[in-house]
Amino acid sequence: MKPVVFKRLLAAALALAGVWLLLLRQPGVWPGADGWLLGALAVALALWARQRCMAVAGHVHGPACTLPTDFLPSPRLRWRALPRLLGVFAWQSLLGALDVTRRVCTPRMPLQPGLLELPLHLPDEGQQVLLALLVSLMPGTLAARLEDGRLTLHALDTRLPIESEVRRLEALVAALYASAPAPATAPEPPPQP
């Protein structure tokens, strides 16, 4: 084994062991023998999986192990769109947190919880999942279901302009992935007699 590969493997093992210790350790108490044994097994399994994945991707054994181009999705990201998405998300999160705090602290609590179902216009399921995650992180909303391009949201107050916020985030996600959202299709008119 090359020294560089060994150093990377050792660094990964130490990082994984540190995470395991943080997850397992209770204040003032160190894990018992069974915790150390299970941790060693988990770290060994994670390192094996890491090395196997890297070998399959061709990063360890060279280009002979590369995958076909259609095996892994390779979205074309516009990295210049990321700061705007993060900025809008942070601003909307701040405004949402202040609004939820105001509503909860008001004695009469002006809430009208309910479910909203929105058709999504993003063409790819991965983009739809990202949008659902972003919406769930916003105060006052939670993605309850994503199925067949339809997002069901639980909202603390259904009177708020939630759909416009979702559409704004949807456009930013589409800009990040360099894909235009699919246009909303109008219902077909009923046939004339």
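To be clear, the structure that these remarks concern was listed above.
All figures in this text were calculated on a predicted structure; none of them were measured in a lab.

Quick look at the overall build of the chain
Across its full length, the chain holds five helices and three strands. When the elements of the chain are put in sequence order from the N terminus, they spell out α-α-α-β-α-β-β-α. With 193 residues in all, the chain has 25% of them scored as buried. Here the contacts in the chain between residues at least 6 apart in sequence split such that 68% fall between residues at least 24 apart. Carbon and sulfur atoms form 67% of the exposed surface of the chain, whose accessible area is close to 13800 Å².

Observations concerning the packing of helix α4 (residues 125-137) against helix α5 (residues 162-176)
Put simply, α4 and α5 touch, their axes get as near as 10 Å, and they point 135° apart. Taken together, the axes of α4 and α5 are oblique relative to one another. Crossing hand, α4 versus α5: right-handed. Every residue of α5 that contacts α4 at Q127, L130, L131, L134 and V135 is listed here: V166, L169, E170, V173 and L176. Grouping the constituent residues of the contact of α4 with α5 by class yields eight nonpolar, one polar and one charged.

Some points on the pairing of strand β2 (residues 141-147)
Where β2 and strand β3 (residues 150-155) come together, six bridges link them in antiparallel fashion. Residue pairing for β3: R145 is matched across the bridge by T152. Adjacent in sequence and paired antiparallel, β2 and β3 are bridged by two residues, among which D148 carries a positive phi angle near 50°.

What about the nonpolar core?
Counting 23 residues, the largest nonpolar core has L85, L131, L153, V166 and L169 as its most contacted members. Of all the secondary-structure elements, those providing two or more residues to this core are α3 (82-105), α4, β3 and α5. Sorting elements by how many residues they give to this core places α5 first, with seven residues. Setting aside its immediate chain neighbours within four residues, L131 contacts L120, L122, V166, L169 and E170.

Thoughts on the pattern of salt bridges
The full count for this structure, using the stated rule, is seven salt bridges. Across the pair D99 and R103 runs a salt bridge whose closest N-O atoms are separated by 2.8 Å. Within this pair, D99 and its partner R103 are both found in helix α3, separated by four residues, close to a single helical turn. Both residues of the pair, D99 and R103, belong to the buried class. Notably, a salt bridge pairs E163 with R167, separated by 3.6 Å at the nearest N-O pair. Of the two residues, E163 and R167 are both situated in helix α5; the distance of four residues between them amounts to about one turn of the helix. Residues joined by salt bridges that share partners form a network here, namely D99, R102, R103, D157 and R159.

Description of unusual backbone geometry
Phi angles above zero are rare outside glycine, and D148 is one such case at about 50°. Positionally, D148 belongs in the loop between β2 and β3.

Description of α5
Taking 1.5 Å per residue as the helical rise, α5 with its 15 residues ought to reach 21 Å, and the 21 Å between its terminal C-alpha atoms agrees with that figure. If you check which residues of α5 are buried, you get I162, V166, L169, E170, L172, V173, A174 and L176. Contacts made by the buried residues of α5 are with α3, β1 (114-119), α4, β2 and β3. Remark: A178 follows α5 within two positions and exhibits a positive phi of approximately 55°.

Criteria and cut-off values
Residues numbered from 1 in each chain as written. Predicted model: local features only at pLDDT ≥ 70, side-chain atom pairs only at ≥ 80, totals over all residues. Heavy atoms only, no water. Helix = DSSP H or I, 4+ residues; strand = E, 2+ residues; numbered from the N terminus. Buried < 20%, exposed > 50% of the residue type's maximum accessible area, 1.4 Å probe, protein only. Contact = heavy atoms within 4.5 Å. Areas by Shrake-Rupley, 256 points an atom, 1.4 Å probe, with all protein chains shown as cover. Axes fitted to C-alpha atoms, helices over the stretch in contact; angles between N-to-C directions. Parallel < 35°, antiparallel > 145°, perpendicular 65-115°, else oblique. Left-handed = near helix turned anticlockwise from the far one by under 90°. Nonpolar A, V, L, I, M, F, W, Y, C, P; charged D, E, K, R; others polar. Pairing = 2+ DSSP bridges. Core = buried A, V, L, I, M, F, W, Y, C linked by side-chain atoms within 4.5 Å. Salt bridge = Lys/Arg side-chain N within 4 Å of Asp/Glu carboxyl O. Expected span 1.5 Å × (residues − 1).

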